[in-house]
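Read off the chains here:
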Amino acid sequence: MTRFEVIEVMKRIIADNLDDMNVDNIDPQKSMKDYGANSLDMIEVVSCSMRELNIKVPRAELAEIQDIDGLADKFMEYIDT
Amino acid sequence: MSGIIKLRIEDDGIAWIKMRDEHNKNTFSRNFVEDFLDIMNELESFKDSVRVMVLQGLYDVFCAGADEDTLIALTRGKAVVRDIAISERLINLEFPVIAAVEGHAMGGGLAMATCCDIVVAARESRFGAVFMSMGFTPGMGMTTLLSELVGPYVASEMMFSAKRFRVSELERMGTNINHIVTKIRVLPVAKDIARQIAEKNPKSVRLLKYALSARKKKLLVEARMQEDMMHRISFNYPETLKNIRDAYVK
């Protein structure tokens, strides 16, 4: 799976989890917080994404991540390409 | 009392209980549980002036349920779940209780809402029966009371999956939650319902509460028998301790 595909999966899940979000308007350089996500929204987006990507990233490794791009990079480390 | 939970009784007989532990985000710390039970005692001593109660939490978190220390103690077979007393005391109150759930309600926090007679919830928040995400079975009456609030099939999905559902998603799935409104509307809606109850003859309100709560009391007793047994087993699984530690990684 390419990084582009990972971002597409995440965008779709973010749009599913937040109000009034359109997939096309999500900028990966932003944080989910910029789109009004609260802490539990973010946890749910992350766990839902990991389920779909079939990966498991330990929570401790996610703590410092700032934006959607950063999250995609972290996910890529765990995806067998 | 440490002031984590605040009781205010208005002249019209509406008692407001606000859980407001900003620091621990309304988790069941020792102080939280002790304060809550103290407030319940206080309420009972004022019960003649209370006609209806509204239970509210913080704007972002209604109540987040058990704290890590309590859960870890349970895996060592130490503490009995004193949190269960919260469910019991809520269900046994002699006047109607309205849950005004502005923020998230997780685990035991969601159980608290299920112990109330009427639930008003914020569409933006999340409800999660998160117990199984840490590998132990639900408690605090959840196994019987959640299906009262959201219906049996949705309750099963919530408990098995441990997913933190957006209330807007639950709204689409269909539940028995009285009102699902935007967050800023939660308190006004709860207050309006409380006022309608407060203007009724309080003696008859109590009578009705006694009749209507009988079913919930029975369900809680049934739940406890099974939940206690399942806790003794599931908190003992070696994976559970690890899961709890992972879940609370800061």
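Residues numbered from 1 in each chain as written. Chains lettered and ligands numbered in written order. Predicted model: local features only at pLDDT ≥ 70, side-chain atom pairs only at ≥ 80, totals over all residues. Heavy atoms only, no water.

**Focus on the pattern of salt bridges**
In the structure shown here, the tally under the stated rule is 24 salt bridges over all chains. As a salt-bridge pair, A:Arg3 and A:Asp73 come within 2.8 Å of each other at their nearest N and O atoms. With A:Arg3 in helix 1 (residues 3-17) and A:Asp73 in helix 3 (residues 68-78), this residue pair connects regions lying 70 residues apart in the sequence. With a closest N to O distance of 3.7 Å, B:Glu222 and B:Lys218 form a salt bridge. Residue B:Glu222 and its partner B:Lys218 are both found in helix 9 (residues 202-234); the two are separated by four residues, about one turn of the helix. Salt bridges sharing partners connect three or more residues here, namely A:Arg3, A:Asp69 and A:Asp73. (Salt bridge = Lys/Arg side-chain N within 4 Å of Asp/Glu carboxyl O. Helix = DSSP H or I, 4+ residues; strand = E, 2+ residues; numbered from the N terminus.)

**Considering helix 3 of chain A**
Within helix 3 of chain A the residues assigned to the buried category are A:Ile68, A:Asp69, A:Leu71, A:Ala72, A:Lys74 and A:Phe75. Residues of helix 3 of chain A that are buried make contact with helix 1 and helix 2 (39-53) of chain A. (Buried < 20%, exposed > 50% of the residue type's maximum accessible area, 1.4 Å probe, protein only. Contact = heavy atoms within 4.5 Å.)

**Brief notes about the environment of A:Leu62**
Residues and elements named next belong to chain A. Secondary-structure assignment places leucine 62 in the loop between helix 2 and helix 3. Between the C-alpha atoms of leucine 62 and valine 46, which are 16 residues apart in sequence, the distance is 9.2 Å. Dropping the residues within four chain positions of it, leucine 62 is found in contact with Val46, Val57, Leu71, Lys74 and Phe75.

**Here we look at the nonpolar core**
Residues B:Met53, B:Leu90, B:Met112 and B:Phe127 are the most contacted members of the largest nonpolar core, which totals 66 residues. When residues of this core are assigned to their parent elements, the largest contribution, six residues, is made by helix 1 (residues 30-45) of chain B. Judged by nonpolar contacts, the second largest core, of 26 residues, contains A:Val6, A:Ile13, A:Met21 and A:Leu62. (Core = buried A, V, L, I, M, F, W, Y, C linked by side-chain atoms within 4.5 Å.)

**What about the interface of chain A and chain B?**
Frequently, the measure chosen for interface size is the accessible area removed from exposure when the parts meet. Tallying the contact residues gives 12 residues for chain A and 12 residues for chain B. When the area that chain A buries against chain B is broken down by residue, the three leading residues are A:Leu40, A:Glu44 and A:Arg59, summing to 50%. B:Arg164 is the partner of A:Glu44 in a salt bridge, and the nearest nitrogen-oxygen pair spans 4.0 Å. Inspection of the region where chain A meets chain B yields seven residue pairs in polar contact (both at pLDDT 80 or more). (Buried area = accessible area lost by both parts, 1.4 Å probe. Polar contact = N/O pair within 3.5 Å; in protein donor to acceptor, adjacent residues only side chain to side chain.)

**What to know about the packing of aromatic side chains**
Residues and elements named next belong to chain B. A full pass over the atoms with the stated rule returns three aromatic pairs over all chains. Between phenylalanine 131 and phenylalanine 136, the aromatic rings sit 6.3 Å apart at their centres with planes inclined by 80°, giving edge-to-face as the arrangement. Of the residues examined, phenylalanine 136 reaches a relative accessible area of 3% and is grouped as buried. Each ring, one from phenylalanine 136 and one from phenylalanine 235, has its centre 4.4 Å from the other, and the planes form 20°; the classification is stacked. Taken together, the positions of phenylalanine 136 in the loop between strand 10 (126-128) and helix 5 (142-150) and phenylalanine 235 in the loop between helix 9 and helix 10 (238-247) put the pair 99 residues apart, joining distant regions of the chain. With respect to class, phenylalanine 136 is no different from phenylalanine 235; both count as buried. These aromatic residues form a ring-pair network of at least three members: Phe131, Phe136 and Phe235. One cation-aromatic arrangement involves lysine 163 over phenylalanine 165; the distance from NZ or CZ to the ring centre is 4.9 Å. (Phe/Tyr/Trp six-rings, centres within 6.5 Å; stacked < 30°, edge-to-face > 60°. Lys NZ or Arg CZ within 6 Å of the ring centre and 35° of its normal.)

**Quick look at the confidence of the model for chain B**
For chain B, the average pLDDT comes to 94, and 98% of its residues sit at 70 or higher. Scoring the predicted complex yields pTM 0.92 and, for the interface, ipTM 0.82. (pLDDT = per-residue confidence, 0-100.)

**Quick word on the state of the cysteines**
Counted by the stated rule, this structure contains zero disulfides over all chains. We note that B:Cys116 lacks a disulfide partner, and the nearest cysteine sulfur, in B:Cys115, lies 6.8 Å from it. (Disulfide = S-S within 2.5 Å.)

**Some thoughts on the sheet that holds strand 9 (residues 118-122) of chain B**
All names here are of chain B. Spatial ordering of the open sheet is given by 1-2-4-7-9-12, a layout of six strands whose pairing is mixed. At either end of the open sheet lies a strand with only one pairing partner, and these are strand 1 (5-9) and strand 12 (179-181). Ignoring which end each strand starts from, the neighbouring axes of this sheet average 15° apart. Looking at chain direction, strand 1 and strand 2 (residues 14-19) are connected through five bridges and run antiparallel. In the sheet register, isoleucine 5 faces strand 2, and the bridge partner there is methionine 19. (Pairing = 2+ DSSP bridges. Axes fitted to C-alpha atoms, helices over the stretch in contact; angles between N-to-C directions.)

**A word on a nonpolar patch on the surface**
Where nonpolar side chains cluster on the molecular surface, the patch consists of B:Met229, B:Ile233 and B:Tyr237 and spans about 280 Å² of accessible area. Examined against the element boundaries, B:Met229 turns out to sit in helix 9. (Patch = residues over 30% accessible without salt bridge, like charges linked within 9 Å, V, L, I, M, F, W, Y side chains within 5 Å. Areas by Shrake-Rupley, 256 points an atom, 1.4 Å probe, with all protein chains shown as cover.)

**A short note on the sheet that holds strand 11 (residues 164-166) of chain B**
Residue and element names in this part refer to chain B. The four strands are arranged 5-8-10-11 in an open sheet whose pairing can be described as mixed. Looking at the sheet topology across the chains shown, the edges are occupied by strand 5 (61-63) and strand 11. If you compare each strand with its neighbour and ignore which way they point, the axes differ by 20° on average. Taken together, the two bridges between strand 5 and strand 8 (residues 104-106) define a ladder with parallel strand orientation. Its bridge partner lying in strand 8, valine 61 is registered against histidine 104.

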